[in-house]
Amino acid sequence: MARAFASRIITAPVGAVWNVVRDFNGLPKWHPAIRDSEIEGGAPADQVGAIRAFHLQDGALVRERLLSLDDSRYSFSYNFETPAFPVSNYRAGIDLIPVTKTGGTYVQWWAEFDEAPDDQGKYVDIISAAVFSAGLEALAEFVKDLPAVDEQLWQGWRPAKVFVSTPMAVAVDRVWQTMRDFAGMDGWHPDIRSMAMLQGAPSDRVSAVRDFQFGAGQLHEQLTLLSDTDRAFRYRILKSPQPWMNYHAGARLWPVTADNSTLAVWTADWVASPNDDVTLIPLVHDHVFQLALDTLEAKLQAG
């Protein structure tokens, strides 16, 4: 199955961007390739199952069905009912991630589909560049002057107790090459020392444990997930001086195709008393995750 993909970080806040892209009938407002659009049968544009019928600038008719819409996580998906290209089993979507460091928005547009054998790779390039990348560039221009939306960062329950997302002006594979080393964080966090894998385990062995000093405390963390496909890892704390239980955390890197950079997302959840969380949440957000990512970016940029 082929996959088309484009992504960009937009300076507007996620609420403002989402208000634009969630309008399933709104493509002509911001995408230069779309001439007009209507929802068949007069259905609401946010009704799952609704079909939008639109014309490209050359007059070609395309019809797409809304498959899912998620206001709490800023994403939607759709398929072709009348294809724009000679592909099959087409499913696509747009996902937004708020960028906590800058107040901007990461936007990714993707599609998966089958191509005929003679067309292998042809429509991946066309859809990625002419549809998705060009559309995201136009979207960034369209939303830059819109008024800010005064709302909470997340609708409903936030995805984690600590959610850090930060742009890194380094290619995603280069960032991942460093971050996937579960025993290497003492090389890019100024407050972590003497990190090593217990019992000499490989640093990419899931279930292995790293031992290190953070400030005056000693911690043991166990690797629970490592994915080179998603550029992601997760881990849990087995030993810590902090007053928390069931601490699980993880990071994932997202490619930014617009400028060959990276969005890093690092999250954590645990159980602790509300009084302890007053101290623990900013400690992890500011002095663990954000500091680590800022230091790593500076190190990689320096060579």
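Everything that follows concerns the structure shown earlier in this document.
Residues numbered from 1 in each chain as written. Predicted model: local features only at pLDDT ≥ 70, side-chain atom pairs only at ≥ 80, totals over all residues. Heavy atoms only, no water.

A. Focus on the pattern of salt bridges. Per the counting criterion, the structure on display carries 16 salt bridges. A salt bridge links lysine 101 to aspartate 294, with the nearest nitrogen and oxygen atoms 2.8 Å apart. Here lysine 101, found in the loop between strand E6 (88–98) and strand E7 (105–114), pairs with aspartate 294, found in helix H5 (residues 274–301); they are 193 residues apart in sequence, far enough to count as distant. The salt bridge involving arginine 252 is made with aspartate 230; its shortest N-O contact spans 3.4 Å. Here aspartate 230 lies in the loop between strand E11 (217–227) and strand E12 (232–239) and arginine 252 lies in strand E13 (residues 245–256), a separation of 22 residues in the sequence. Residue arginine 252 is classed as partly exposed on the basis of its relative accessible area, which comes to 30%. Overall, aspartate 230 belongs to the partly exposed group, its relative accessible area being 33%. Each member of the salt-bridge network shares a partner with another, and the members are Arg22, Asp46 and Asp71. (Salt bridge = Lys/Arg side-chain N within 4 Å of Asp/Glu carboxyl O. Helix = DSSP H or I, 4+ residues; strand = E, 2+ residues; numbered from the N terminus. Buried < 20%, exposed > 50% of the residue type's maximum accessible area, 1.4 Å probe, protein only.)

B. Inspection of helix H3 (residues 122–143) at higher detail. In a regular helix each residue adds 1.5 Å, so 22 residues correspond to 32 Å; H3 covers 31 Å between its end C-alpha atoms and thus fits that length. When the local axis directions of H3 are compared, the greatest deviation, roughly 30 degrees, occurs at serine 128. What H3 keeps buried is the set Tyr123, Val124, Ile127, Ser128, Phe132, Gly135, Leu136, Ala138, Leu139, Ala140 and Val143. For H3, the secondary structure elements touched by its buried residues are strand E1 (2–10), helix H1 (14–21), helix H2 (27–30), strand E5 (75–82), E6 and E7. (Expected span 1.5 Å × (residues − 1). Bend = angle between axes of the 7 residues up to and from the residue. Contact = heavy atoms within 4.5 Å.)

C. Quick look at unusual backbone geometry. At arginine 231, a residue that is not glycine, the phi angle is positive and equals roughly 50 degrees. The backbone phi angle of asparagine 246 is positive, close to 55 degrees, even though this residue is not glycine. Turning to its location among the elements, asparagine 246 is positioned in strand E13.

D. Region of the structure containing the nonpolar core. Ranked by size, the top nonpolar core spans 53 residues in total, and within it Val17, Tyr90, Leu96, Phe113, Phe132 and Leu139 carry the most contacts. Setting aside its immediate chain neighbours within four residues, phenylalanine 113 contacts Met1, Ala2, Ala4, Val87, Ser88, Asn89, Tyr90, Tyr123, Val124 and Ile127. Formed by 42 residues, the second largest nonpolar core is a distinct cluster that contains Trp176, Met195, Ala268 and Leu293. (Core = buried A, V, L, I, M, F, W, Y, C linked by side-chain atoms within 4.5 Å.)

E. Quick look at the sheet that holds E7. The antiparallel open sheet is built from seven strands, whose spatial order is E1-E7-E6-E5-E4-E3-E2. A strand with exactly one partner marks an edge of an open sheet, and here the two such strands are E1 and strand E2 (34–39). Neighbour to neighbour, the strand axes of the sheet diverge by 20 degrees on average, direction disregarded. Examined bridge by bridge, strand E4 (residues 61–70) and E5 share seven bridges and lie antiparallel to one another. Bridge pairing in E5 places leucine 69 opposite phenylalanine 76. Each of E1, E4, E5, E6 and E7 touches H1; the most contacted strand, E6, lies at about 155 degrees to it. Along the sheet face, H3 touches E1, E5, E6 and E7 and points at about 20 degrees away from the line of E1. (Pairing = 2+ DSSP bridges. Axes fitted to C-alpha atoms, helices over the stretch in contact; angles between N-to-C directions.)

F. Examining the sheet that holds strand E14 (residues 261–271) more closely. Spatially, E8-E14-E13-E12-E11-E10-E9 is the arrangement adopted by the seven strands of the open sheet, whose pairing is antiparallel. Edge positions in the sheet fall to strand E8 (162–168) and strand E9 (192–197), since each has one partner strand and no second. Each strand of the sheet is rotated relative to its neighbour by a mean of 20 degrees, with strand direction disregarded. Inspection of the sheet shows E8 paired to E14 by seven bridges, in the antiparallel sense. Each residue of the ladder has a partner; that of methionine 168, found in E14, is threonine 262. Against the sheet, helix H4 (residues 172–179) touches E8, E11, E12, E13 and E14, its axis set at about 150 degrees to E13.

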